[in-house]
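Read off the chains here:
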Amino acid sequence: MRWFYFQEAWRSFSHHRGLATTAILSLTAALTVAGVFVLLAHNARITMRMMGDRREMVIYLKDEVSRDEREALMTRLHQLYGEVTYVSKEQAWIDFSDQIGDPQLLESVEGNPLPASLHIKLKPELLNYSAMEQAARQLEQFPEVEDVRFGGEWVKRLDNVGNAIERGAIVVGVLVAIGMVFVLYNTIRLTVLARRPQVEIMSRLGATDRFVATPFILEALLQALISTLLALGVVFAFQQAFVARVVPIAFMPWSWVGLFAGSVLFLAWIAAVLALSRVLRAVGA
Amino acid sequence: MITFHQVSKRHGERLVLDGISWRMDEGECVVFVGHSGAGKTTILRLITHEVAPSAGTVQVGTFRSGRLSRGQRALLRRTLGIIYEDFRLLNDRTVFENIALAVRIAGRFGNEEVIPRVLFALREVGLQDKQLSFPGELSAGEKQRVAIARAIVNRPAVILADEPTGALEKKSSDEILDLLRKIHGEGSALLLATTREDVAAQIGGRRLSISDGKITEGDVNPSLPVTAARLFEAGS
């Protein structure tokens with residue numbers, strides 16, 4: 001019986017090739033837009049993660065902090081905030097000298113005015129502006145701490161970019177989902193209306209709604225699957241062209257591809273069920 | 001098996017059926033004869049629950065009008081075999097597939113039973129050599145035979161035939177009526193609606209005349225005692 005449903009779906013699909021092709025092309029266009037956006041979002045996420053990994057908090061220590069106090073502080077900070085690295089006054093001077101590069105300029109400086117510091121590579125859950133700001137306020141309360149720096153403005157901007165990409169992905173995702181449901185809903189409706197005599201005859205012969213609807217649902221899933229594969233192909237070609245001509249970007253991971261295809265099929269199912277629940281009541285008296 | 005009790009049906013302002021009551025029992029043959037628009041097809045559509053009565057009740061087996069869900073309506077239709085004047089065949093399927101569809105819709109038989117059942121039905125209507133033809137390749141008489149095969153393939157308790165010879169010339173018409181008589185002889189109840197007196201005479205059975213939505217002639221309730229039948233009629 002199940003094979004029968006597939007046969008019926010294929011029969012309907014092949015008999016209404018024009019309608020099916022139009023639906024597939026429309027869906028492919030919408031899904032390609034969504035796919036390109038997912039690709040960009042994925043690469044933006046990779047970039048953000050790489051940049052986020054570089055985010056660190058620098059704590060400048062008072063000169064009078066002893067070695068024992070410093071080590072106790074490092075242990076505490078490690079527990080609370082993340083990986084801690086100590087940069088001594090001497091190391092700070094060497095780094096500064098390397099950056100300046102001109103020994104004559106350095107000669108005019110008396111002694112070593114630079115403080116020792118602790119560099120904290122923050123835990124992932126603290127890699128956002130508000131958490132970093134809160135951490136900075138807490139750290140300033142420690143008696144050993146002279147000053148705390150974490151590049152607040154830069155972190156804020158990075159966070160804003162990340163949030164904008166996330167919001168954009170949601171908006172595009174919702175728009176594409178609505179567009180997809182609309183296209184499939186109307187395609188299924190038109191397909192059922194085009195096969196109205198068949199649906200009426202089946203209904204007169206005692207076919208249940210499920211019997212009549214199942215092939216149409218399979219047909220919608222088939223259209224969605226073909227569109228998804230085509231859209232993923234176009235997105236892959238886009239990624240390859242981008243890699244060859246602009247900058248190297250990564251294709252979506254398989255888990256994202258699976259989620260993308262699964263979401264499309266789920267939406268196709270929803271659209272088909274919605275369309276059929278309305279149109280079968282009108283057609284199959 | 002089928003009981004109409006004071007059934008009226010309106011289509012807008014027009015009264016198509018006017019409080020009719022009648023019944024038929026298992027294995028019976030009933031022929032409704034009447035002019036076009038008399039209400040014959042409406043009676044058949046009320047039996048299949050394609051339309052609901054405006055007043056009164058229609059009972060088919062255990063199914064009673066007014067309370068049927070879509071699922072129950074589908075179940076009811078699967079207990080009937082229906083033959084239409086215009087055949088209602090699917091033109092994109094072969095003869096075999098048209099008949100097999102009814103078997104699959106019935107849902108009572110496994111895949112392995114579909115082929116033998118269809119072939120048996122085709123043999124009964126004498127179309128075993130046309131199983132791979134499409135409806136468009138058949139004559140009107142052959143199409144009606146296919147429709148009959150589709151109606152009988154699930155061995156329904158009742159066969160409803162709405163002007164089954166309406167689109168046929170004399171020879172094909174005689175063949176179809178012979179076939180329907182044969183099927184009725186094998187045990188199925190037969191309810192036939194026709195405008196033609198000769199068809200009614202040829203098919204035999206209990207004849208009910210209908211005109212302008214009223215049964216004007218014939219025994220509407222033969223299986224009840226005379227007094228009960230009269231009471232039943234008096235109430236209608």
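Scroll up to find the structure.
### Here's the deal with the overall build of chain B
Then comes step 1: In terms of regular secondary structure, chain B is built from eight helices and 10 strands.
Then comes step 2: Seen through its C-alpha atoms, chain B measures out along the principal axes to roughly 55 × 40 × 35 Å.
Then comes step 3: The proportion of buried residues among the 236 residues of chain B is 52%.
Then comes step 4: In chain B, the share of contacts with a sequence separation of at least 24, taken over all contacts with a separation of at least 6, comes to 69%.

### Some words on the nonpolar core
Most often, soluble globular proteins keep nonpolar side chains buried together rather than apart.
Then comes step 1: Grouped together as the largest cluster of nonpolar side chains are 46 residues, with contacts concentrated most on Val192, Phe211 and Leu276 of chain A.
Then comes step 2: Counting residues per element, the ones that place at least two in this core are α1 (2-15), α2 (17-54), α7 (152-194), α8 (196-204), α9 (209-245) and α10 (254-283) of chain A together with α3 (95-106) of chain B.
Then comes step 3: With 11 residues, the top contributor of residues to this core is α9 of chain A.
Then comes step 4: Residues Leu122, Leu127, Leu138 and Ile159 of chain B belong to the second largest nonpolar core, which totals 41 residues.

### Examining unusual backbone geometry
Residue and element names in this part refer to chain B.
Then comes step 1: One non-glycine residue, Gln6, lies in positive phi territory at about 50°.
Then comes step 2: Turning to its location among the elements, Gln6 is positioned in strand β1 (residues 2-11).
Then comes step 3: Despite not being glycine, Phe87 shows a phi value in the positive range, around 70°.

### Regarding the sheet that holds strand β3 (residues 117-122) of chain A
Strand-to-strand pairing in sheets goes through backbone hydrogen bonds, with the strands running parallel or antiparallel.
All names here are of chain A.
Then comes step 1: Ordered in space as β2-β3-β1-β4, the four strands form an open sheet in which the pairing is antiparallel. Looking at strand neighbours, the two that pair on one side only are β2 (82-87) and β4 (145-149), the edges of this open sheet. Strand after strand, the sheet turns through a mean of 20° between neighbouring axes, direction not considered.
Then comes step 2: Pairing analysis gives four bridges linking strand β1 (residues 56-61) to β4, with the strands arranged antiparallel. By the bridge assignment for β4, Val58 is matched with Arg149.

### What to know about the environment of Ala121 of chain B
Residues and elements named next belong to chain B.
Then comes step 1: Relative to the assigned elements, Ala121 resides in helix α4 (residues 111-124).
Then comes step 2: Taking C-alpha positions, Ala121 is 9.8 Å from Arg145, a pair spaced 24 residues apart along the chain.
Then comes step 3: Residues within four places of Ala121 in sequence aside, it is in contact with Ile99, Ala149 and Val153.

### Some remarks on the pattern of salt bridges
Residue and element names in this part refer to chain A.
Then comes step 1: The tally for this structure, following the rule as stated, stands at 28 salt bridges over all chains.
Then comes step 2: Between Arg137 and Glu133 there is a salt bridge, and its shortest N-O distance comes to 3.9 Å. Pair noted here: Arg137 and Glu133 are both in helix α6 (residues 129-140), with a separation of four residues, about one helical turn.
Then comes step 3: Glu133 gets classed as partly exposed once you look at its relative accessible area, which sits at 30%.

### What to know about the sheet that holds strand β4 (residues 55-60) of chain B
Residue and element names in this part refer to chain B.
Then comes step 1: Taken together, the four strands give an open sheet; going across it, the order is β2-β1-β4-β5, and neighbouring strands pair in antiparallel fashion. A strand with exactly one partner marks an edge of an open sheet, and here the two such strands are β2 (14-24) and β5 (63-64).
Then comes step 2: Relative to β5, β4 is paired through two bridges, and the arrangement is antiparallel. Bridge pairing in β5 links Val60 to Phe63.

### Quick word on the side chain of Asn43 of chain A
All names here are of chain A.
Then comes step 1: Relative to the elements of secondary structure, Asn43 occurs in helix α2.
Then comes step 2: A relative accessible area of 10% places Asn43 in the buried class.
Then comes step 3: Among residues more than four places away in sequence, those in contact with Asn43 are Ile249 and Ala250.

### What to know about the packing of aromatic side chains
Residue and element names in this part refer to chain A.
Then comes step 1: This model, assessed by the stated rule, comprises 11 aromatic pairs over all chains.
Then comes step 2: On the basis of an interplanar angle of 55° and a centroid distance of 6.0 Å, the ring pair of Phe4 and Tyr5 is categorised as tilted. With respect to burial, Phe4 and Tyr5 carry one shared label: buried.
Then comes step 3: Ring-pair connections join several aromatic residues into one group, and the members of that group are Phe4, Tyr5 and Phe211.

What counts as what
- Residues numbered from 1 in each chain as written.
- Chains lettered and ligands numbered in written order.
- Predicted model: local features only at pLDDT ≥ 70, side-chain atom pairs only at ≥ 80, totals over all residues.
- Heavy atoms only, no water.
- Helix = DSSP H or I, 4+ residues; strand = E, 2+ residues; numbered from the N terminus.
- Buried < 20%, exposed > 50% of the residue type's maximum accessible area, 1.4 Å probe, protein only.
- Contact = heavy atoms within 4.5 Å.
- Core = buried A, V, L, I, M, F, W, Y, C linked by side-chain atoms within 4.5 Å.
- Pairing = 2+ DSSP bridges.
- Axes fitted to C-alpha atoms, helices over the stretch in contact; angles between N-to-C directions.
- Salt bridge = Lys/Arg side-chain N within 4 Å of Asp/Glu carboxyl O.
- Phe/Tyr/Trp six-rings, centres within 6.5 Å; stacked < 30°, edge-to-face > 60°.

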